[in-house]
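Below, each chain spelled out in residue letters.
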Amino acid sequence: MRALVISGGGSKGAFAGGVAQYLIQDLKREYELFIGTSTGSLLVSHLALHKIETIKELFTSVDQKSIFKNCPFIIKYKRGYNDIRIHHYNVLRNLLQGKKSFGDSSNLRALIASAISPKDFETLQLSATDVVVTVSNLSANEVEYKSIQECSYEDFLDWIWISCNYPPFMSLVRKNNCDYVDGGLGSMVPIEEAIRRGATEIDVIVLETEVNYINRMPTKSPFSLITNMVNFMMDQIEHQNVRIGKFEAAQHDVAIDLYYTPTVLTTNALLFDQKKMMQWWRKGYTFAQDKNTYNRR
């Protein structure tokens, strides 16, 4: 069984889309299993349907308003970089409304519903392809993997949305009497799960560089401190997932091919810049093309 695994990474998912486009469209790779975490979960349904141009147009056109009903930060471009600060009024409004997070990402749920139709869902359920998304269950203190084969239409849309809800800036979702957030909080690169489900060949798209090149800007506020802490934690989870995935692949004689980003795309993946995301999609496509051309020599 061949599987495609796509890690979390917010706006950097555009790069993953470009890589996947080359693998599916040009190399004609047929995957029986798609597993995505966070931004990866937004891509896998359309990739499984081979609706690559549709997801490309959708993914590279989103902005903050597409994601947030109530955005918890203000973005200002200063001296060559984005200065991100807390939006005190929006955060206070969210808390006064009884929400459990700084921001409200319900616009993303509506966007997902408009992107995946009941017909798309039915087509995937009737196919031999399995599509799986990763979520973190805070109440049960465990990672859960939700297969399209085991869900209703509305539930599957909920799980995709939940998989993308980066804490504590996006919505905390109460479902099945449990609190759920971004799957990346527990499993950023679910290689191990792909192996557990029977994959023998896995292409893995990791939305980070293989070697750490990041030196973050100095912390200037409690808001940036929380951002840096969560980013640090998820980076460590990602590295651990890859190490465990490589170990499990070696133990089970699974062929694994990793596609890392060749450069640091952004230090804040919650910023959705349409121009940059279009560039990252093209960059992902050409990177996968160059890598496979080199490997064939």
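Note that the coordinates shown come from a computational prediction; the quantities given were computed from them, not determined experimentally. (Residues numbered from 1 in each chain as written. Predicted model: local features only at pLDDT ≥ 70, side-chain atom pairs only at ≥ 80, totals over all residues. Heavy atoms only, no water.)

Notes on unusual backbone geometry
Piece 1. Cis geometry marks the peptide bond from Pro-167 to Pro-168; its omega dihedral reads -5°.
Piece 2. Turning to its location among the elements, Pro-168 is positioned in the loop between helix 8 (153–164) and strand 7 (173–175).
Piece 3. Positive phi outside glycine occurs at His-50, with the angle close to 65°.
Piece 4. Here His-50 is to be found in the loop between helix 2 (39–48) and helix 3 (52–59).
Piece 5. Taking relative accessible area as the criterion, His-50 reaches 42% and is therefore assigned partly exposed.
Piece 6. Not every positive phi belongs to a glycine, and Asn-177 is a case in point at roughly 65°.
Piece 7. When you line up the elements, Asn-177 lands in the loop between strand 7 and strand 8 (178–182). (Helix = DSSP H or I, 4+ residues; strand = E, 2+ residues; numbered from the N terminus. Buried < 20%, exposed > 50% of the residue type's maximum accessible area, 1.4 Å probe, protein only.)

Some thoughts on the nonpolar core
Piece 1. Leu-4, Leu-47, Ile-202 and Ile-205 are the most contacted members of the largest nonpolar core, which has 84 residues in total.
Piece 2. Ignoring sequence-local partners within four residues, the contact set of Ile-205 consists of Leu-4, Val-5, Ile-6, Ser-7, Ala-16, Val-19, Ala-20 and Tyr-259. (Core = buried A, V, L, I, M, F, W, Y, C linked by side-chain atoms within 4.5 Å. Contact = heavy atoms within 4.5 Å.)

Regarding the pairing of strand 5 (residues 130–137)
Piece 1. Counting buried residues along strand 5, eight of its eight residues qualify, which places the element largely inside the surrounding structure.
Piece 2. Sheet topology places strand 2 (residues 33–37) next to strand 5; five bridges connect them, and they run parallel. Within strand 5, the residue paired with Thr-37 across the bridge is Thr-134.
Piece 3. Bridging between strand 5 and strand 6 (residues 142–147) involves six bridges; their strand directions are antiparallel. Residue Val-133 lies in a different strand from strand 6, and its bridge partner there is Lys-146. (Pairing = 2+ DSSP bridges.)

Remarks on the confidence of the model for the protein
Piece 1. The share of residues in the protein with pLDDT of 70 or more is 93%, and the mean pLDDT across the chain is 90.
Piece 2. Taking the mean pLDDT of every element in the protein, the minimum, 70, falls on strand 4 (residues 81–86) and the maximum, 98, on strand 1 (residues 2–6). (pLDDT = per-residue confidence, 0-100.)

Re the packing of aromatic side chains
Piece 1. Considering all chains together, one arrives at nine aromatic pairs under this definition.
Piece 2. Ring plane angle 45° and centroid distance 5.9 Å describe the contact between Phe-15 and Phe-287, whose orientation is recorded as tilted. Taken together, the positions of Phe-15 in helix 1 (residues 13–26) and Phe-287 in helix 11 (residues 274–296) put the pair 272 residues apart, joining distant regions of the chain.
Piece 3. Pairing Tyr-166 with Phe-169 gives two aromatic rings, centres 6.0 Å apart and planes at 15°, and the pair type is stacked. The pair formed by Tyr-166 and Phe-169 is uniform in burial state, with each residue classed as buried.
Piece 4. Geometry around Trp-159 places Lys-146 over its ring, the cationic atom sitting 4.3 Å from the centre.
Piece 5. Just above the ring of Tyr-259 sits the side chain of Lys-291; from NZ or CZ to the centre is 4.5 Å. (Phe/Tyr/Trp six-rings, centres within 6.5 Å; stacked < 30°, edge-to-face > 60°. Lys NZ or Arg CZ within 6 Å of the ring centre and 35° of its normal.)

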